[in-house]
Amino acid sequence: MVDDKTVNQVVEKGKGSLKGKGSLKGPLKESPPDRPGYELPLLLFAGFRTLIDRLHTELARQGHPDLRPAHGFAMQAVGAGGASASEIGRRLGVTKQAAGKTVDRLVALGYAERADDPADARRKLVRLTPHGLDALARSAAVFDELRAEWTRALGPDRVRALEDDLRAVVPPEAFRLDAAGWLGGA
């Protein structure tokens, strides 16, 4: 676990504190938190990373060894009906060129194909192949298995409470596919 000795914090303890400066919900309490604030995002990220790493280990075992997390986001952006490279780029928060590179990789791996758009002959659509649809279906099943593992470890009430609590603090518009853009990558 990361602690004060292993983190190069931007603000030293006691200097530049928000104490007494208030927040969006009102003034901060005078007593310090029982745990440092930076642990929450690190734990949430570590939980996410653990689930995604386990997913990809299992997908590799099930016949999808070349699939990467970015590919999953891109396949979600393609969607069931297909999408143009521009639409994929917008959905992912990346340029059309970056989306095109990702699509090129998905095509090379057999997860997607380019096809003429029946509604507009000037436009190409990216569509998922049966191999891509299989990867998404297997992903959904693996995520169900991983949630079941968490339920066995923590209990069904705690997992439901965790999900409910996260829904209460995560705004609906935060459910987006633009992780690559948000993280500063292609």
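A brief look at the structure comes next. (Residues numbered from 1 in each chain as written. Predicted model: local features only at pLDDT ≥ 70, side-chain atom pairs only at ≥ 80, totals over all residues. Heavy atoms only, no water.)

1. With respect to the overall build of the protein chain
A count of helices and strands for the protein chain gives seven helices and two strands. Starting at the N terminus and ending at the C terminus, the protein chain contains elements arranged as α-α-α-α-β-β-α-α-α. Counting the 186 residues in the protein chain, one finds 25% classified as buried. Sequence separation of 24 or more characterises 53% of the internal contacts of the protein chain that already satisfy a separation of 6 or more. By element, 58% of the accessible surface of the protein chain is carried by carbon and sulfur atoms, the whole surface being about 13,100 Å². (Helix = DSSP H or I, 4+ residues; strand = E, 2+ residues; numbered from the N terminus. Buried < 20%, exposed > 50% of the residue type's maximum accessible area, 1.4 Å probe, protein only. Contact = heavy atoms within 4.5 Å. Areas by Shrake-Rupley, 256 points an atom, 1.4 Å probe, with all protein chains shown as cover.)

2. Thoughts on the packing of helix 5 (residues 130-154) against helix 6 (residues 156-169)
Interhelical geometry of helix 5 versus helix 6 gives an angle of 120° and a closest axis separation of 6 Å. Compared by their axis directions, helix 5 and helix 6 come out oblique. Across the interface between the two elements, R147, W150, T151 and L154 of helix 5 pack against P156, R158, V159, R160, L162 and E163 of helix 6. Classifying every residue of the contact of helix 5 with helix 6 gives five nonpolar, one polar and four charged. (Axes fitted to C-alpha atoms, helices over the stretch in contact; angles between N-to-C directions. Parallel < 35°, antiparallel > 145°, perpendicular 65-115°, else oblique. Nonpolar A, V, L, I, M, F, W, Y, C, P; charged D, E, K, R; others polar.)

3. So, helix 4 (residues 96-109)
Along its 14 residues, helix 4 runs 20 Å from first to last C-alpha, staying within 8% of the 20 Å computed at 1.5 Å per residue. Residues of helix 4 that are buried include every one of A98, A99, G100, V103, L106 and L109, and no others. Check the buried side of helix 4 and you find it contacts helix 2 (69-78), helix 3 (85-92), strand 1 (112-117), strand 2 (120-128) and helix 5. Of the residues flanking the end of helix 4, it is G110, one or two places downstream, whose phi is positive at about 85°. (Expected span 1.5 Å × (residues − 1).)

4. Observations regarding the nonpolar core
One finds L67, M75, I88, L92, L106, Y111 and V126 to be the most contacted residues of the largest nonpolar core, which totals 23 residues. Every element with two or more residues in this core is listed here: helix 1 (39-61), helix 2, helix 3, helix 4, strand 2 and helix 5. Among the elements that line this core, the one with the most residues is helix 4, at five residues. Discounting chain neighbours no more than four positions away, the residues touching L106 are H71, A74, M75, Y111 and A112. (Core = buried A, V, L, I, M, F, W, Y, C linked by side-chain atoms within 4.5 Å.)

5. So, the packing of aromatic side chains
Enumeration according to the criterion identifies one aromatic pair in this entry. With a centroid separation of 6.5 Å and 35° between ring planes, the pair formed by F45 and F48 is classed as tilted. Within this pair, F45 and its partner F48 are both found in helix 1, separated by three residues, close to a single helical turn. (Phe/Tyr/Trp six-rings, centres within 6.5 Å; stacked < 30°, edge-to-face > 60°.)

6. Brief notes about the pattern of salt bridges
If you walk through the whole model with that rule in mind, you get twelve salt bridges. Residue R114 is joined to D104 by a salt bridge in which the shortest nitrogen-to-oxygen separation is 2.6 Å. Of this pair, R114 sits in strand 1 while D104 sits in helix 4, and the two are ten residues apart along the sequence. Owing to a relative accessible area of 41%, R114 belongs among the partly exposed residues under this scheme. The partly exposed category is assigned to D104, whose relative accessible area is 40%. The salt bridge partner of D120 is R122, with a shortest N-O separation of 3.1 Å. According to the relative accessible area criterion, D120 is partly exposed, its value standing at 22%. Each of E87, D117 and R123 takes part in a single network of salt bridges with overlapping partners. (Salt bridge = Lys/Arg side-chain N within 4 Å of Asp/Glu carboxyl O.)

7. Side note on the environment of G79
Residue placement: G79 occurs in the loop between helix 2 and helix 3. Look at G79 and you get partly exposed, because its relative accessible area is 22%.

8. Notes on the packing of helix 1 against helix 5
In the contact formed by helix 1 and helix 5, the axes pass within 10 Å of each other and the chain directions differ by 130°. By the angle class used here, helix 1 and helix 5 are oblique. The way helix 1 lies across helix 5 gives a crossing that is right-handed. Side by side, helix 1 and helix 5 meet where G47, L51, I52, R54, L55, E58 and L59 of the first sit next to A135, R138, S139, V142, F143, L146, E149 and W150 of the second. (Left-handed = near helix turned anticlockwise from the far one by under 90°.)

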